[in-house]
Amino acid sequence: MTTSQQPLPLDDGSRSGRTQGPVQDPYPEEPPCCSWECCKLVCWIFCCPPCPASIISKQAFMPPKPVLYAFQEETIWIQHPENLVHGPMVMFSPPIEVKPALIQTPKNYKIACYYLRKPNPKFHIIFSHGNAVDIGGMAPFMVQLSASLNCSVLAYDYAGYGLSGGIPREKNQYNDIKSAYDYLVEHYKVEPSKIILYGQSIGSSPTTHLASLLEENQLAGVILHSALLSGIRVLRPNCQRTICVDPFQNINKISKVKAPTLILHGGRDDVVPMEHGSILHELSENPVEPLFLPTAGHDDIEAYPQYLERLKLFMNELVALQNSVREQ
C-alpha cells in the first residue's frame, strides 16, 4: 500500500539512542478510543457480520501458496531461491547444523521451525518473518544472518503458514512466539539472557508482545525491522487513535519492553512509513541508536551494507552491557 506521508526526520539527539528531554506522547490530545471518524473507520473495515478476528485474519495474513519447504525426518527441502513457485525442491544443507521440528503450542496445533545451530554462538535469535513468506522462502537469508553474526537462529512459521497448523490470527501469533521461546529454553537449554527477538514487518507484533512480557534477565535484546505502530495506522495513516479493534498494537506495548531495542527502517518504505519506526524508537523504554536508511524500502534494508554493520555493532553492545552487569 502506497502512502504519500513523509517520514519524520531524526533530530540530533537520536544518535545517542534517545532524543533530548522527556519523551512526549506523539498523540497527546487524542482520546484512547473511538471518535466519529474512528467509528466510520470501523464500519469501513467491519462491514459484514463475521467476528472481527476472522476479518482481521483475512485482511492481514497472507500465507504463501504453495508451501515453500518440506520436512522429511531430519531433512529439510526448500524451493530453489530462483524458482520459488515451480520446479522441484532442493535439499536445504547449509554449512552449519540445522534441526527441523514441529513445536506443540497451548492451542492444540503445532508450528514448524528449524534451528540453525552454531557452536559457541554470541546469541540465539528467534526470527519472526514478514507476511507472504514462510521459513522455506527465508532459508537462504537465515543462513546468511547466522553466519554473518555468529549467532544461532530459530526461524518459525505462524499458525496457518507453511507446515504450521492452526489458523493465522493475531492471538495465535502470540502463542507461536512464546512456544518458540519456550522450545529454545527447554529443549536446547539456551540461557534466556542469550536470546534476541527479531521481528520483521508483521513479525514485529509477536516480537514486541513477547518482549513486553519478559523481564530484563529473560532477554538479551530486541530488533524491530520495518515495524508498524498498529494495523489501523498502516491502513489509514491519518488515524491517530488506538481504537478498540486495532490489531498489532505495538505502539501500546513498546514502552514495556525492558531489553535494549534496535529499530531498523527505510525512508522509502511505501508499506509501513518510516514514521512508524521513528515513533517506536521515541517510545522505547531502552532504545539504542536506530538505523534509518533514507533510500531503503520495506523489503530491501538487508541489501544495504549498513544493515549488517549495525547488527554486528548491536551484538557487541549487548555483550559489553552484559559483561558490565556481571562485573557489578
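Preceding block: the structure.
Residues numbered from 1 in each chain as written. Predicted model: local features only at pLDDT ≥ 70, side-chain atom pairs only at ≥ 80, totals over all residues. Heavy atoms only, no water.

(A) View of the packing of aromatic side chains. Under the counting rule described, the total for this entry stands at 11 aromatic pairs. For the pair Y183 and Y188, a centre-to-centre distance of 5.7 Å together with 85° between the ring planes defines the contact as edge-to-face. K194 extends its terminal NZ or CZ atom over the ring of F123, reaching a point 5.3 Å from the ring centre. (Phe/Tyr/Trp six-rings, centres within 6.5 Å; stacked < 30°, edge-to-face > 60°. Lys NZ or Arg CZ within 6 Å of the ring centre and 35° of its normal.)

(B) Highlighting the pairing of strand β6 (residues 124-128). Across the 5 residues that make up β6, a large majority, 5, are buried. Where burial is concerned, the two faces of β6 agree: the one with H124, I126 and S128 and the one with I125 and F127 are both buried. In terms of strand pairing, β6 meets strand β7 (residues 152-156) through 4 bridges, oriented parallel. Paired with I126 across the strands is L154, a residue of β7. As for the winding sense of the linkage, the β-α-β connection from β6 through helix α3 (residues 139-149) to β7 is right-handed. By the bridge criterion, 5 bridges tie β6 to strand β8 (residues 195-200) in an arrangement that is parallel. By the bridge assignment for β8, S128 is matched with G199. (Buried < 20%, exposed > 50% of the residue type's maximum accessible area, 1.4 Å probe, protein only. Helix = DSSP H or I, 4+ residues; strand = E, 2+ residues; numbered from the N terminus. Pairing = 2+ DSSP bridges. Right-handed = clockwise from strand over helix to strand, strands pointing away.)

(C) Broad picture of the side chain of T261. Note that T261 resides in strand β10 (residues 261-266). For T261, a relative accessible area of 1% gives the class buried. Here the side chain of T261 touches A259 through a polar contact of 3.0 Å, landing on its backbone oxygen. Not counting residues up to four positions away in its chain, the partners in contact with T261 are V222, L224, I254, S284, N286, P287 and V288. (Polar contact = N/O pair within 3.5 Å; in protein donor to acceptor, adjacent residues only side chain to side chain. Contact = heavy atoms within 4.5 Å.)

(D) A look at the nonpolar core. The biggest cluster of nonpolar side chains holds 46 residues, and the ones touching the most others in it are I126, Y156, L184, I195, L197 and L219. In terms of residues, this core owes the most to one element, helix α4 (residues 170-187), which gives 5 residues. When near neighbours in sequence (up to four residues on either side) are disregarded, I126 contacts L154, Y156, I177, A180, Y181, L184, I195, I196, L197 and Y198. The next biggest cluster of nonpolar side chains, apart from the first, holds 41 residues, and it includes I76, I96, A139 and M315. (Core = buried A, V, L, I, M, F, W, Y, C linked by side-chain atoms within 4.5 Å.)

(E) Region of interest: the pairing of β10. For β10, a buried count of 6 out of 6 residues is recorded, marking the element as mostly surrounded by other parts of the structure. Sheet topology places strand β9 (residues 221-225) next to β10; 4 bridges connect them, and they run parallel. Residue pairing across strands places I223 opposite L262, the latter belonging to β10. Of the strand pairs in this sheet, β10 and strand β11 (residues 291-293) are connected by 3 bridges, and their pairing is parallel. For L264, the partnering residue across the bridge sits in β11 and is L291. Once the chain exits β10 it traverses helix α7 (residues 274-283) before rejoining the sheet at β11, and the crossover so formed is right-handed.

(F) Structural view of the pattern of salt bridges. All told, the structure shown has 5 salt bridges when counted by the stated rule. Notably, a salt bridge pairs K99 with E74, separated by 3.5 Å at the nearest N-O pair. On the criterion of sequence distance, the pair formed by K99 in strand β4 (residues 97-104) and E74 in the loop between β1 (69-72) and β2 (75-79) is long-range, its members being 25 residues apart. Since its relative accessible area comes to 52%, E74 is described here as exposed. (Salt bridge = Lys/Arg side-chain N within 4 Å of Asp/Glu carboxyl O.)

(G) Molecular detail of the environment of N286. As for its position among the elements, N286 is in the loop between α7 and β11. Separated by 64 residues in sequence, N286 and V222 place their C-alpha atoms 9.9 Å apart.

(H) Representation of the sheet that holds β10 within the structure. Strand order across the open sheet formed by 8 strands is β4-β5-β7-β6-β8-β9-β10-β11, with mixed pairing between neighbours. Single-partner strands in this sheet number two, and they are β4 and β11. Strand-to-strand twist in this sheet, taken as the mean axis angle between neighbours without regard to direction, amounts to 15°. Contacts between α4 and the sheet are confined to β4, β5 (110-117), β6, β7 and β8, with β6 contributing the most and set at about 160° to the helix. Along the sheet face, helix α8 (residues 305-327) touches β6, β8, β9, β10 and β11 and points at about 165° away from the line of β9. (Axes fitted to C-alpha atoms, helices over the stretch in contact; angles between N-to-C directions.)

(I) Broad picture of the packing of α4 against helix α5 (residues 204-213). Direction vectors running N to C along α4 and α5 enclose 65°, while the axes themselves pass 9 Å from each other. By crossing handedness, the relation of α4 to α5 is classed as right-handed. Residues E170, Q173, Y174, I177, K178 and Y181 of α4 touch α5, and the partners they reach there are S205, P206, T207, H209 and L210. Considering only residue class, the contact of α4 with α5 consists of 5 nonpolar, 4 polar and 2 charged. (Left-handed = near helix turned anticlockwise from the far one by under 90°. Nonpolar A, V, L, I, M, F, W, Y, C, P; charged D, E, K, R; others polar.)

Everything listed here is a matter of geometry and, on its own, says nothing about what the molecule does.
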